[in-house]
Amino acid sequence: MPDEAIRGLIAKPATKLPDNSRGAWCSFSLSLSGKDKADVRKVELLDQDERPTGSPIHLERTGYGWSGVGHVAAHATRFRLCSLGTGAATLPLSDSVSVQTLPRWTAALRLAWRSRSFLLRELREGGSGAAAQWRELLAQAVSYDGSPIDYQRWVACFDVWAEAEFKGLAEGPQPYMLVYDDGTAPEALAATLASLRSNAVAHAVVDAGSWREAAEGTNARHFGLLAPGEVLAPQALNILGWQLSRLGDPEMACCDEDALDAAGRRHTPVFKPMANHPLMLSGTLTRGLWIVRRDILLSAPLDIATGHAETMRLDLWLRLHEDGVVRPSERIPYVLTHRRSDASEAPPHLLAGVVEAHLRRAGIDWRVEPALPLRVHPAATGPRPTVSIIVPSALRAAHVTQCVAKVMPLTGYHTVSMLVAVAQPRPLDTQQQEVASRIEADARAKVLWLNSTEFNYSIVNNRAAACTDGEILCLLNDDVVPTSPNWLEYLVMHFADPRVGVVGARLLYPDGQVQHGGILMGMDTLANHLHRWEPATSPGYCHRGVLPHEVSGVTGACLLVRRRVFDALGGLDPSYASAFNDVDFCLRVREAGHAVVYSGTKSLLHFEGKTYGQHYSGPTAEREAIDVAQMRMRWADAIKEDPFHSPNLARVTRREWMPAFPPRLPPVA
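Given the structure is predicted, the values throughout are model-derived calculations rather than measurements.

## Description of the overall build of the protein chain
- A count of helical and extended segments in the protein chain gives 20 helices and 30 strands.
- Contacts spanning at least 24 positions in sequence make up 79% of the contacts within the protein chain whose residues lie at least 6 apart.
- On the protein chain, roughly 27100 Å² of surface is accessible, and the fraction owed to carbon and sulfur atoms is 54%.

Following this line, the structure appears as structure tokens:
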């Protein structure tokens, strides 16, 4: 779908599902309106709490309307029709969707028909994929339990290229491939070389002592860095030329990848975010094809040569970061390599050594754990910036007394203070004073009364911040409580990187499920939390749930910010009295050139909603439409596409790590 077609998602109010549709295969149909110009329509299934559940059912446009087939989860109770694209606003709220249950075999045939172009091409060209696709789709429908449609279907729909399609790609620079061979995987090396020869790609096999000579021996503008066992996709060269031209000659670029099983079947895709410093330190982005510009490669110091493609990619990227390059690499969101199970791997201690050397050069005193994914830890000793924790609270609910009273005792950070701000028109009453006395029993904590006729979360934090002197401000909800004494140390450590302006924490519900793992723009049409409702034990997609990495935003329930950044931006925007103030602030921080980091390493408990109830309820309900409209107007580009989430991944709660149907990719040039 063209990028310019994405304008946001318009959704109808939820409708009750027919009782016989739950746990069944169903067809969803919508009559075609003469003014209907939407690019995509889909049906979103909701549970009794109106949270998305099951896989969205995507409707295809036909001559008479829109129709689609999907499995309705047994616990789904309602559904809503959504429209996406330039004509999304044409969705008539009066239209109704008809729902009809289907036998499984009928559903299977309908699903197979949707892949008919691929199936017919396979049959016409004598391939073996058609019969396998038919069998798979039929078996899927017969035994389907409501789990997401797998990667094979995504590949069949969006990553099977006809020769005419990639011949039509715009011509661009052709990289020269350097295959780093350490001699440990001869069969994997043979497979990689065979893929290069079949694509007629110029290449050389190199090691730690020969890569520079090979690079200097050709006049190529760009080089591709490959490891034995990383097999080049048939359309890779065409896509690379097109994308490198489109990206404007980047210093480096990383590409998506997947894996191959023994039968050559593709699985486990790695759809990558925009590469960023904290995530690069984990070593999880070092696999798959990377492209590097000639001047960057040949200016690398000799000690960069380690004989592994992974360490070479990592070292080059980190050195660009050290040199002050704001965006050391771009992203090519296409699966251009398939990784064999016997592919060459750089030992973790070598990757850790690259990170340690980088940290020494940057003057950052962190310890690196030499196991994949790599994890960094703060130094055991050394100076720490002062931190002021700010907690807006009414000091009334029982859970508040428990949570706020535990913050300081459970915080082992030494240079920290806490200010609890109570905003109300009258001084603290007897009950509040008793709670305040218990809090102030810790000499590092104080309670401040702010004379205010109405509660505005942004104003309270801004006024309280002016009454503190910490180098780092920690905005903390009064229903959040630490789970380990070193929580603050692991959050503050990220400010050792001068580019970091904001750091957020991983938050868990009391039942152990994830409440917050960073904020994704465009999720559920506007913005929402990543990893929500995943088990606390889950590392998340590619370990993203537990690894530090850049995000577009983090929740204000636990948000650390440099005071100078907070002051320079004027604090939180008072026009967002209850919700979106944190998202807006993080986007302004990024707009000013600072990074927003989700830590992921340490977790806190969040009794969400118990502090002030729902953001929009009662007298504040009318504010929701105003705040949403303001966010959409101010941050339309950020909502359109989040750089830290692949356009190949969905943007629906509980489905954000599944393949997007369709991907949000630019049209073929």
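There's more to say after this.
## Section: the confidence of the model for the protein chain
- Looking at the protein chain, the pLDDT average stands at 86 and 85% of residues meet or exceed 70.
- This model gives residues 1–9 a pLDDT under 50, and the stretch forms 35 contacts once residues within four places in sequence are excluded.
- When the criterion is pLDDT under 50, residues 125–130 qualifies, and its contacts beyond four places in sequence or with other chains add up to seven contacts.

## A word on the packing of aromatic side chains
- The tally for this structure, following the rule as stated, stands at nine aromatic pairs.
- Plain terms: the ring middles of Trp242 and Tyr334 are 5.6 Å apart, the flat faces sit at 55° to each other, and that makes the pair tilted. Of the two residues, Trp242 sits in helix H8 (residues 236–247) while Tyr334 sits in strand S16 (residues 330–339), which places them 92 residues apart along the sequence. As far as burial versus exposure is concerned, Trp242 and Tyr334 are alike and both buried.
- Through pairs of rings, three or more aromatic residues link up here, namely Tyr151, Trp154, Phe158 and Phe271.

## Focus on the pairing of strand S17 (residues 366–369)
- Side chains of S17 alternate between two faces, with Trp366 and Val368 buried and Arg367 and Glu369 left unburied.
- Pairing of S17 with strand S18 (residues 375–378), which is carried by four bridges, proceeds in the antiparallel orientation. Across the sheet, Arg367 pairs through a bridge with His377, a residue of S18.
- Joining the antiparallel neighbours S17 and S18 is a turn of five residues.

## A look at the pattern of salt bridges
- Applying the stated criterion across every chain yields a total of 23 salt bridges.
- Lys272 is paired through a salt bridge with Glu257; the nearest N and O atoms lie 3.7 Å apart. Taken together, the residues Lys272 in the loop between strand S14 (266–270) and helix H9 (277–280) and Glu257 in strand S13 (residues 252–260) connect sequence positions 15 residues apart. A single burial state applies to Lys272 and to Glu257, both of which are buried.
- Among the ionic pairs, Glu641 bridges to Arg664, the shortest N-O distance being 3.0 Å.

## A word on helix H14 (residues 430–439)
- Along H14, the residues classified as buried are Gln432, Val435, Ala436 and Ile439. Along the axis of H14, the buried residues cluster in a sector spanning 100°; they form a single face.
- Check the buried side of H14 and you find it contacts helix H13 (398–407), strand S20 (416–424) and strand S21 (445–451).

## Looking at the side chain of His377
- Within the secondary structure layout, His377 lies in strand S18.
- A distance of 2.9 Å separates a polar atom in the side chain of His377 from a polar atom in the side chain of Glu369.

## A short note on the nonpolar core
- Counting residues in each nonpolar core, the largest one holds 46 residues, and the members touching the most others are Leu178, Leu297 and Leu316.
- Ranked by residues supplied to this core, first place goes to helix H11 (residues 309–322) with seven residues.
- Leu178 has contacts with Ala204, Val206, Ala214, Phe223, Gly224, Leu225, Leu226 and Leu297, leaving out every residue within four places of it along the chain.
- In this structure, Val400, Val404, Tyr413 and Val435 belong to the second largest nonpolar core, which totals 38 residues.

## Focus on the environment of Ile304
- With respect to the element layout, Ile304 can be found in the loop between helix H10 (294–298) and H11.
- What makes Ile304 buried here is its relative accessible area of 0%.
- A sequence separation of 10 residues divides Ile304 from Leu314, and the C-alpha atoms of the two residues are 9.8 Å apart.
- Once residues within four sequence positions are removed from consideration, Ile304 is found in contact with Trp211, Met312, Asp315, Leu316 and Arg319.

## Concerning the packing of H11 against helix H12 (residues 348–362)
- Look at H11 against H12: their axes get within 9 Å of each other, and the N-to-C directions meet at 15°. Considered as vectors, H11 and H12 are oriented roughly parallel to each other. With respect to the hand of their crossing, H11 and H12 are arranged in right-handed fashion. Side by side, H11 and H12 meet where Glu310, Thr311, Leu314, Asp315, Leu318, Arg319, His321 and Glu322 of the first sit next to Leu350, Leu351, Val354, Val355, His358 and Arg361 of the second.

## Describing H13
- His399, Val400, Thr401, Cys403, Val404 and Val407 are the residues of H13 that are buried.
- Buried residues belonging to H13 abut strand S19 (387–392), S20, H14, strand S22 (472–476) and strand S23 (480–482).

## Here we look at unusual backbone geometry
- Of the consecutive residues Leu372 and Pro373, the connecting peptide bond is found in the cis state with omega at -5°.
- As for its position among the elements, Pro373 is in the loop between S17 and S18.
- Positive phi values are uncommon outside glycine, yet Leu395 reaches one of about 55°.
- Along the chain, Leu395 falls in the loop between S19 and H13.

## Notes on the environment of Pro186
- If you trace the backbone, Pro186 turns up in helix H6 (residues 186–198).
- On the basis of relative accessible area, Pro186 is assigned to the exposed category, the value being 60%.
- Each C-alpha atom, one on Pro186 and one on Asp342, is 9.4 Å from the other, the two residues being 156 residues apart in sequence.

## Concerning the side chain of Glu44
- As for its placement among the helices and strands, Glu44 is situated in strand S4 (residues 40–46).
- Given the relative accessible area of 5%, Glu44 is considered buried.
- Among the polar contacts made by the side chain of Glu44, one reaches the side chain of Arg80 at a distance of 2.6 Å.
- Sequence-distant contacts of Glu44, defined by excluding residues within four places in its chain, comprise Pro52, Arg78, Phe79, Arg80, Cys82 and Val652.

## Re the environment of Leu247
- Note that Leu247 resides in helix H8.
- Residues Leu247 and Arg331, spaced 84 residues apart in sequence, show a C-alpha to C-alpha distance of 8.8 Å.
- Once residues within four sequence positions are removed from consideration, Leu247 is found in contact with Glu330, Arg331 and Ile332.

## Digging into the state of the cysteines
- All told, the structure shown has zero disulfides when counted by the stated rule.
- Here Cys254 stays free of any disulfide, with the sulfur of Cys255 as its closest cysteine sulfur at 6.8 Å.

Basis of the calculations
- Residues numbered from 1 in each chain as written.
- Predicted model: local features only at pLDDT ≥ 70, side-chain atom pairs only at ≥ 80, totals over all residues.
- Heavy atoms only, no water.
- Helix = DSSP H or I, 4+ residues; strand = E, 2+ residues; numbered from the N terminus.
- Contact = heavy atoms within 4.5 Å.
- Areas by Shrake-Rupley, 256 points an atom, 1.4 Å probe, with all protein chains shown as cover.
- pLDDT = per-residue confidence, 0-100.
- Phe/Tyr/Trp six-rings, centres within 6.5 Å; stacked < 30°, edge-to-face > 60°.
- Buried < 20%, exposed > 50% of the residue type's maximum accessible area, 1.4 Å probe, protein only.
- Pairing = 2+ DSSP bridges.
- Salt bridge = Lys/Arg side-chain N within 4 Å of Asp/Glu carboxyl O.
- Arc of directions from axis to C-beta.
- Polar contact = N/O pair within 3.5 Å; in protein donor to acceptor, adjacent residues only side chain to side chain.
- Core = buried A, V, L, I, M, F, W, Y, C linked by side-chain atoms within 4.5 Å.
- Axes fitted to C-alpha atoms, helices over the stretch in contact; angles between N-to-C directions.
- Parallel < 35°, antiparallel > 145°, perpendicular 65-115°, else oblique.
- Left-handed = near helix turned anticlockwise from the far one by under 90°.
- Disulfide = S-S within 2.5 Å.

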